[in-house]
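Commentary on secondary and tertiary structure
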Amino acid sequence: MIITICGGGSTFTAGIVKSIALRREELEVDEIRLFDIFKERQDKVAVIVDWILHEELKCDIKLTVTTDPETAYTDASFIFAQMRVGGYAMREQDEKIPLRHGCVGQETCGTGGMAYGMRTIFPMMKMIDDAEKYAKKDYWILNYSNPASIVSEACRRLRPNARIINICDMPIAIIDVVAAAMNIKDKENIVYDYFGLNHFGWFTSITYKGEDLMPRLREYIMEHKILLPDAYLKDKAALGVSANKEKGTEGNRHTKGSWYYVWKGVYEIMANFPDMLPNTYLNYYLQQKEFVEHSNPDHTRANEVMETREKNLFDGVDTYLATGKVDEKVFYAGSHGDWIADLAIALKNDTKARFLIITENRGTIPNMPYDAMVEVPAYIGKNGPEVISRDPIPLFQQGLMMQQLNSEKLLVEGCIEGSYEKVLQAFTLNKTVPSMTVAKEILDDMIEANKDFWPELK
Ligand code: G6P
Ligand code: MN
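An account of the accompanying structure is given in this report. Please read all numbers here as calculations on a predicted model, not as lab measurements.

The subject of this paragraph is the side chain of N450. Topologically, N450 is positioned in the segment after α18 (436-449). Among all residues touching N450, those that are not within four sequence positions of it are M90, A115 and R119.

This is the structure:
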């Protein structure tokens with residue numbers, strides 16, 4: 001059984017490989033392949049991956065590292081896709097350009113996310129075509145390449161028959177933090193209900209062994225004025241919810257640096273709208289002005305990541321090569337990798353475990369369009385996801401979602417058709433943008449910054 005990681009040079013690769021290797025018996029995996037278009041970067045990551053597989057865990061999983069799609073995908077059963085088109089350098093642009101115009105600058109939300117989407121759509125289609133051509137007929141692509149909403153809408157439109165499941169780890173990360181706040185050690189006993197678009201959703205119920213956690217959680221958030229447990233705030237480095245159950249990993253990165261604000265934002269949103277627990281990303285849409293005020297337009301999350309996660313990883317590789325010692329803190333392991341590997345297990349072994357996935361609505365949320373790509377719970381087995389449908393959603397959430405959905409749909413259409421007008425409509429419609437004129441200013445700057453990546457807009 002072959003698992004290919006597309007985006008092998010990612011800072012997450014080593015952690016994901018470790019999660020796979022720890023589950024090697026359930027996955028019956030014989031070979032892991034790393035594929036990336038950046039050889040040098042991937043070769044460095046591969047040094048640590050090799051160490052994890054063959055030194056640390058001493059398993060007999062074969063490791064192949066390649067920049068050739070045929071070598072990467074031939075006979076693969078699973079493709080874990082995590083491409084970042086344009087790398088962190090372009091993430092920095094996505095975050096900084098909108099901020100220069102007084103708007104939310106974020107990797108996946110608002111106009112930054114749309115710029116990233118326009119870079120990613122066609123490379124994703126190429127990857128699907130390669131999988132169709134070379135992989136096993138019953139391959140599965142588990143895609144967590146961002147921006148997942150836009151990417152999944154593009155897949156729905158352009159490759160409707162691809163065996164791809166689009167997923168996101170943010171709800172899992174939120175549940176990790178909820179578990180820590182509620183002092184729950186066995187987080188696998190937490191069951192939740194959720195609806196939304198990707199990075200744009202709400203938990204409607206969270207239960208633990210049958211207990212409704214929402215009242216206790218709400219009280220906790222109101223009292224602490226933030227969702228992060230005290231321990232995270234006091235000693236951010238030491239604590240961390242690592243599902244690999246080892247201390248001293250990088251911990252829960254979602255609690256680091258500027259992530260702080262969105263956890264505080266969860267309090268601010270719930271102080272007004274207490275019924276549901278919002279996804280942290282809703283802050284970018286509900287507190288646009290405040291986000292811009294506390295942001296530093298010259299130093300954004302991309303800079304934080306390059307200065308910490310990325311630097312630590314590559315320094316760690318150099319240290320290993322020089323001394324033979326590996327400091328495990330340098331590669332992020334944790335629930336991110338575990339959840340992807342667990343999803344593959346559910347598909348392969350037909351476990352019917354419950355996961356959130358991004359999928360075509362088809363009536364799942366009755367008052368959202370049939371063809372909206374929504375994020376909802378599903379039971380996962382060998383025939384793919386069985387989605388759980390729900391009652392209509394309230395007007396406030398539905399209204400927000402419709403605006404965001406149409407913005408994303410227009411973006412995808414504009415990108416496919418090469419239509420400047422549609423892309424400008426997408427930008428104008430987005431809730432993070434105050435006016436058509438500002439939308440146009442941002443778009444024109446982004447066209448310039450993305451000229452090596454975007455299709456031409458006419
Ligand atoms: C969460 C989201 C991902 C996103 C990541 C960014 O995990 O679900 O979609 O890419 O956060 O985290 P970072 O540490 O790179 O800011
Ligand atoms: Mn995500």
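This part takes up the coordination of the manganese ion (ligand 2). Within the protein, the manganese ion (ligand 2) binds to C168 (SG) and H199 (NE2); these donor distances fall in the range 2.2 to 2.4 Å. Pair noted here: C168 is in the loop between β6 (164-166) and α8 (170-181) and H199 is in the loop between β7 (190-197) and β8 (200-208), with a separation of 31 residues, a long-range link. Here C168 and H199 have matching classes, each one buried.

Of all residues adjacent to ligand 1, which total 14 residues, the nearest are N146, D169, R253, H254 and R301. Here H199 contributes a side-chain N or O atom positioned 3.2 Å from an oxygen atom of ligand 1. In this structure, R301 approaches ligand 1 through a side-chain N or O atom, which is 2.6 Å from an oxygen atom. In isolation ligand 1 offers 390 Å² of accessible surface; the protein chains occlude 94% of this area. Counting residues per element, the shell around ligand 1 draws most heavily on helix α14 (residues 301-323), which supplies three residues. Taken together, the residues of the shell around ligand 1 break down into five nonpolar, three polar and six charged.

A few words now on the pairing of strand β12 (residues 373-381). The element β12 is extensively covered by neighbouring structure, given that eight of its nine residues are classed as buried. As judged from the eight bridges shared by strand β11 (residues 353-360) and β12, these two strands associate in the antiparallel manner. Considered in β12, the bridge of R354 is made with Y379. As paired strands, β12 and strand β13 (residues 384-387) are joined by four bridges and run antiparallel to one another. When the bridges of β13 are listed, G381 appears paired with G384. Once β12 ends, the chain turns through two residues before running back antiparallel as β13.

Basis of the calculations
Residues numbered from 1 in each chain as written. Chains lettered and ligands numbered in written order. Predicted model: local features only at pLDDT ≥ 70, side-chain atom pairs only at ≥ 80, totals over all residues. Heavy atoms only, no water. Helix = DSSP H or I, 4+ residues; strand = E, 2+ residues; numbered from the N terminus. Contact = heavy atoms within 4.5 Å. Donors = N, O, S within 2.8 Å, 3.2 Å for Na, K, Ca; no water. Buried < 20%, exposed > 50% of the residue type's maximum accessible area, 1.4 Å probe, protein only. Near = heavy atom within 4 Å. Polar contact = N/O pair within 3.5 Å; in protein donor to acceptor, adjacent residues only side chain to side chain. Areas by Shrake-Rupley, 256 points an atom, 1.4 Å probe, with all protein chains shown as cover. Nonpolar A, V, L, I, M, F, W, Y, C, P; charged D, E, K, R; others polar. Pairing = 2+ DSSP bridges.

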